[in-house]
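# Fold and geometry: a report
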Amino acid sequence: MAAYALFDNIEVSDPDKLAEYASRVRAVVESYGGAYRAVGGQVDVLEGTAMLGYPVLIEFPDLQTAHQWYDSSDYRELKALRQAGSRANAIIFETAPSDLLNA
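Structure report, in brief. Just so we're clear, the structure is a prediction, and the values are computed from it rather than from any experiment. (Residues numbered from 1 in each chain as written. Predicted model: local features only at pLDDT ≥ 70, side-chain atom pairs only at ≥ 80, totals over all residues. Heavy atoms only, no water.)

## Regarding the environment of Val43
This is how the line gets drawn: Numbering goes from the N terminus for both helices and strands, where a helix is a DSSP run of H or I of at least four residues and a strand is a run of E of at least two. Should any heavy atoms of two residues lie within 4.5 Å, those residues are considered in contact.
Here Val43 is to be found in the loop between strand S2 (35-39) and strand S3 (55-60). Considered as a pair, Val43 and Asp8 are 35 residues apart in the sequence and their alpha carbons are 11 Å apart. Apart from residues lying up to four places away in sequence, Val43 is in contact with Met51, Leu52 and Pro55.

## As for the packing of helix H1 (residues 15-31) against helix H3 (residues 73-85)
The description of two packed helices rests on the angle between their axes and on the distance between the axes. Which entries qualify depends on this criterion: For helices, the fitted line uses only the C-alpha atoms of the stretch in contact; every axis is such a line through C-alpha atoms, and the angle between N-to-C directions lies from 0 to 180 degrees. Angles below 35 degrees are treated as roughly parallel, those above 145 as roughly antiparallel, those between 65 and 115 as roughly perpendicular, and all remaining angles as oblique. For any helix crossing, the convention is left-handed if the near helix is rotated counterclockwise from the far helix by under a right angle, and right-handed if that rotation is clockwise. In the scheme used here, Gly and all other residues not listed as nonpolar or charged are polar, with Ala, Val, Leu, Ile, Met, Phe, Trp, Tyr, Cys and Pro taken as nonpolar and Asp, Glu, Lys and Arg as charged.
With their axes 9 Å apart at the nearest point, H1 and H3 run at an angle of 150° to one another. Of the possible angle classes, the one that applies to H1 and H3 is roughly antiparallel. For the crossing formed where H1 meets H3, the hand is left-handed. Of H3, the residues touching H1 (which contributes Lys17, Leu18, Glu20, Tyr21, Arg24, Val25 and Val28) are Asp74, Tyr75, Glu77, Leu78, Leu81, Arg82, Ala84 and Gly85. In the contact of H1 with H3, the residues fall into eight nonpolar, one polar and six charged.

## Remarks on the pattern of salt bridges
Condition: Here, a salt bridge means any Lys or Arg side-chain nitrogen found within 4 Å of an Asp or Glu carboxyl oxygen. With a 1.4 Å probe rolled over the protein chains alone, any residue whose accessible area is under 20% of its type maximum counts as buried; one over 50% counts as exposed, and the rest are partly exposed.
Applying the stated rule across the entire model yields six salt bridges. Linking Arg24 and Glu20 is a salt bridge whose minimum nitrogen-to-oxygen distance equals 2.8 Å. In this pair, Arg24 and Glu20 both sit in helix H1, four residues apart, roughly one turn of the helix. A residue is classified by how much of its surface remains accessible, and Arg24, at 32% relative accessible area, is partly exposed. Connected through shared salt-bridge partners, Glu20, Arg24 and Glu77 make up one network.

## A short note on the nonpolar core
Which entries qualify depends on this criterion: As used here, the term nonpolar core means buried Ala, Val, Leu, Ile, Met, Phe, Trp, Tyr and Cys residues forming a set that is joined through side-chain atoms within 4.5 Å.
With 17 residues, the main nonpolar core has Ile58, Trp69 and Tyr75 as its most contacted residues. Contributing elements (two or more residues each) for this core: strand S1 (3-12), H1, S3, helix H2 (63-71) and H3. With five residues, H1 is the single largest residue contributor to this core. Non-local contacts of Tyr75, meaning those with residues more than four positions away in its chain, are made with Phe7, Tyr21, Val25, Val28, Trp69, Tyr70 and Arg82.

## Focus: the packing of aromatic side chains
Heads up, the condition is: A pair of Phe, Tyr and Trp rings is counted when the ring centres sit within 6.5 Å of each other, with Trp represented by its six-membered ring. The angle between the planes then sorts it: under 30 degrees is stacked, over 60 is edge-to-face, the rest tilted.
This structure, assessed with the given rule, holds seven aromatic pairs. Grouped by ring-pair contacts, the aromatic residues Phe7, Tyr21, Phe60, Trp69, Tyr70 and Tyr75 constitute a single cluster.

Right, here's the structure in full:
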């Protein structure tokens, strides 16, 4: 089942580091079968109080591959660069079988 990495970019403290990260990360994501599904844009809260700053959603073939990417030596340097230049929340989640998806 597909899995997703969701990053909520809350604050950018070093735009140059984040720009370098952005220029290099796509190739690493794609090498693990990942594909960007959403990057930024307007966020409207419909229910509750959660507010995303600048969301990024990446789809992977499965949960294991998503974790392999995030924990890989290929991504390690880029992850440190992103973390040094910004503050974010990040989660990885797997889609679950659901009648809602098959309707």
